[in-house]
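# Structural overview
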Amino acid sequence: MNRVFVCSCFGITEQQVKKHAADGACTPRQIASACKAGTDCGSCVRRIQAILGRGACPRRESADQGESVFTELEEAA
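What comes next is a walk through the structure. Since we're looking at a predicted model, the values are computed, not measured. (Residues numbered from 1 in each chain as written. Predicted model: local features only at pLDDT ≥ 70, side-chain atom pairs only at ≥ 80, totals over all residues. Heavy atoms only, no water.)

This part covers the side chain of Thr13. Along the chain, Thr13 turns up in strand 2 (residues 12–13). The class for Thr13 is buried, based on a relative accessible area of 9%. (Helix = DSSP H or I, 4+ residues; strand = E, 2+ residues; numbered from the N terminus. Buried < 20%, exposed > 50% of the residue type's maximum accessible area, 1.4 Å probe, protein only.)

What follows is the structure, given as structure tokens:
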């Protein structure tokens, strides 16, 4: 298995960042909350931004159109 590390400080791979993005994290800060990537030395933040900017966040398009990205949470409430 080929692992491309995004965050050396916490051993976070590109695949893990993409997984968190698919789960709804659409900003580097949300990625940091999910896995700590970008919270130590910060050298990976631009890489995370690049990954998110390449469409790794499926809900970004909805948010850009003004739609709620928290539909599942709203339906549960």
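For the rest of this paragraph, the subject is helix 1 (residues 14–22). Burial in helix 1 covers these residues: Glu14, Val17 and Ala21. The arc that holds the buried residues of helix 1, viewed along the axis, is 60°, so those residues lie on one side. Following helix 1 by one or two positions, Gly24 has its phi on the positive side, about 120°. (Arc of directions from axis to C-beta.)

For Thr27, the location among the structural elements is in the loop between helix 1 and helix 2 (28–35). Note: C-alpha distance between Thr27 and Leu52 (25 residues apart in sequence) is 7.1 Å.

Helix 2 packs onto helix 1 with a crossing angle of 105° between their chain directions and a minimal axis gap of 10 Å. In this view, helix 1 runs roughly perpendicular relative to helix 2, as classed from their interaxial angle. The segment helix 1 lies against helix 2, with Val17, His20 and Ala21 engaging Ile31, Ala34 and Cys35. In terms of residue class, the contact of helix 1 with helix 2 is built from 5 nonpolar, 1 polar and no charged. (Axes fitted to C-alpha atoms, helices over the stretch in contact; angles between N-to-C directions. Parallel < 35°, antiparallel > 145°, perpendicular 65-115°, else oblique. Contact = heavy atoms within 4.5 Å. Nonpolar A, V, L, I, M, F, W, Y, C, P; charged D, E, K, R; others polar.)

What follows covers the nonpolar core. Core analysis: the biggest nonpolar cluster contains 13 residues, and Val6, Ile12, Val17, Ile31, Ala37 and Ile48 have the highest contact counts within it. Looking at which element gives the most residues to this core, the answer is helix 3 (residues 45–56), with 3 residues. Among residues more than four places away in sequence, those in contact with Ile48 are Val6, Val17, Pro28, Ile31, Ala37 and Gly38. (Core = buried A, V, L, I, M, F, W, Y, C linked by side-chain atoms within 4.5 Å.)

Once that is clear, we can look at unusual backbone geometry. Unusually for a residue other than glycine, Lys36 sits at a positive phi of about 75°. Structurally, Lys36 can be placed in the loop between helix 2 and helix 3.

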